[in-house]
Amino acid sequence: MSMPDKQAPAANQARGILFCPTASNADLLQEALEAARGDRPLWIWPDVPSPEKVACLVAFRPPPGVFEGLAALRLVHGVGAGVNALRDAPGRPAGVPLCRVVAEELDQGMAQHIIHAILRETRDHRLYDEQQRARIWKRLTQRHACDITVGIMGLGALGLATARPLRQLGYNLVGWSRSRKSAEGIESFAGPAEMGTFLSRSDFLVVLLPITAETHGILDATALSKLPRGAVVVAVGRGGQVDEAALLAALDSGHLSHAHLDVFETEPLPADSALWAHPGVTLTPHIAASPHPLAVARLVMENLSRIERGEPPLHAVDEARGY
Ligand code: NDP
Ligand code: OXD
């Protein structure tokens, strides 16, 4: 005999998904969740008629108070690779897994963004743009990839995915992470003791770390001073990792030749920030990479099903490490 609904435990009744449409591609994500949800209810914040039936919360930046009343929550799911806003959200219930997105299109987008920045500098296209505007025909000496070392700070899913095509383009690669890696063609440095050597080797420094207590402010004036003179910084992890004042000072002194910045301590970047107009800065509004909405929706459904089957979800954040 089947158990009447009203006697079933709350966690078994709760199958709904609550989506907070705060990401810039919220419409597409909502459409993708709608297409993938099957017979699960999908509610869009702030319209939550039955909070006790929400099994999964999907968000990038969760609105204040969103966890209130979600008594049967079994999964908190991000819509991107970095879930620091969810991780740090007040009221997030302990013991409920927090998952992030790892996806092919995200890897591809990040590799494209970083390689575009590196090629723009190494193949002098920023200078050729200026020459075109001034009607100057002047051939600059080509710099060869085999003479340039790219340092990737954060050799996780995205760092490794970016390293592969960079290697094919001929760049020398060094990487830095918490644990040592054995990826082909990348010299791996690990932990605080090896950070200085890693930095001293990086003509291009790609910052692709998650933001945690340990990585906040990690690229301060001392760390930046360890980069070779003329180095270029490509910052795509999170704002707050590169000290913006120290970066500007290093650009002004000529220690750094350029910075490509996609992430900032305060976003949107305040109109009075000196970064906007600095000739040594190329900036983009946090667009380096986002996963395909259908991949996000499929992963959310897969993880919810896994949890309901008693299996561990994919790409769960390690709460002790914070990423
Ligand atoms: P992963 O978790 O797969 O990788 C993180 C890497 O950082 C790992 O190699 C890890 O080391 C290393 N790391 C973390 N903390 C430390 C530390 N204290 N010291 C040394 N190494 C450390 O993340 P992803 O590659 O998927 O994403 C990285 C970040 O990129 C995201 O957290 C997000 O902030 C950012 N991002 C930005 C986007 C944008 O549009 N600008 C888009 C997508 C992501 P180990 O391998 O040893 O654990
Ligand atoms: C992400 C981002 O972390 O978009 O995925 O920044």
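Here, every reference points to the structure presented above.
Here's what I pulled together on the structure shown here. A quick note: this is a predicted structure, and the numbers were derived from the prediction, not measured. (Residues numbered from 1 in each chain as written. Chains lettered and ligands numbered in written order. Predicted model: local features only at pLDDT ≥ 70, side-chain atom pairs only at ≥ 80, totals over all residues. Heavy atoms only, no water.)

Turning to helix H10 (residues 293-308), a few remarks are in order. Its 16 residues place the ends of H10 23 Å apart at the C-alpha level, agreeing with the 22 Å of an ideal helix rising 1.5 Å per residue. Turning to H10, its buried residues are Pro-293, Ala-295, Val-296, Ala-297, Leu-299, Val-300, Met-301, Asn-303, Leu-304, Arg-306 and Ile-307. At its buried positions, H10 is contacted by strand S1 (16-19), helix H2 (26-36), strand S3 (54-59), strand S4 (75-78), strand S5 (98-99) and helix H4 (104-122). (Helix = DSSP H or I, 4+ residues; strand = E, 2+ residues; numbered from the N terminus. Expected span 1.5 Å × (residues − 1). Buried < 20%, exposed > 50% of the residue type's maximum accessible area, 1.4 Å probe, protein only. Contact = heavy atoms within 4.5 Å.)

Taken together, the 5 strands give an open sheet; going across it, the order is S2-S1-S3-S4-S5, and neighbouring strands pair in parallel fashion. On the outer flanks of this sheet lie strand S2 (42-44) and S5, each paired with one strand and no other. Running over the sheet, H10 touches S1, S3, S4 and S5 and is turned about 160° from S4. (Pairing = 2+ DSSP bridges. Axes fitted to C-alpha atoms, helices over the stretch in contact; angles between N-to-C directions.)

With that settled, consider the site of ligand 2. As a structural note, the neighbourhood of ligand 2 is formed by Phe-60, Gly-80, Ala-81, Gly-82, Arg-238, His-286 and Ala-289. At 2.7 Å, a backbone N or O of Gly-82 approaches an oxygen atom of ligand 2. Measuring from an oxygen atom of ligand 2, one finds a side-chain N or O atom of His-286 at 2.5 Å. For ligand 2, whose unbound accessible area comes to 210 Å², protein coverage reaches 84%. (Near = heavy atom within 4 Å. Polar contact = N/O pair within 3.5 Å; in protein donor to acceptor, adjacent residues only side chain to side chain. Areas by Shrake-Rupley, 256 points an atom, 1.4 Å probe, with all protein chains shown as cover.)

So, about the packing of H4 against helix H5 (residues 125-133). To characterise two packed helices, one gives the angle between the axes of the helices and the distance between these axes. Packing of H4 against H5 brings their axes to within 5 Å, and their N-to-C directions diverge by 60°. By the criterion of interaxial angle, the relationship of H4 to H5 is oblique. From H4, Leu-119, Arg-120 and Glu-121 reach across to H5, where they touch His-125, Arg-126 and Asp-129. Tallied by class, residues from the contact of H4 with H5 come to 1 nonpolar, 1 polar and 4 charged. (Parallel < 35°, antiparallel > 145°, perpendicular 65-115°, else oblique. Nonpolar A, V, L, I, M, F, W, Y, C, P; charged D, E, K, R; others polar.)

A word on the nonpolar core. Grouped together as the largest cluster of nonpolar side chains are 52 residues, with contacts concentrated most on Leu-33, Val-58, Ile-118, Val-150, Leu-166, Val-206 and Val-236. The leading source of residues in this core is H10, at 8 residues. Shared between two domains, this core takes at least three residues from each, and those domains are domain 1 (8-103 + 291-308) and domain 2 (105-283). Sequence-distant contacts of Val-206, defined by excluding residues within four places in its chain, comprise Ile-114, Ile-118, Val-150, Gly-151, Ile-152, Met-153, Val-234 and Val-236. Core analysis: the second largest hydrophobic core is formed by 32 residues, Met-195, Leu-224, Ala-259 and Val-281 among them. (Core = buried A, V, L, I, M, F, W, Y, C linked by side-chain atoms within 4.5 Å. Domains from an automatic or database assignment.)

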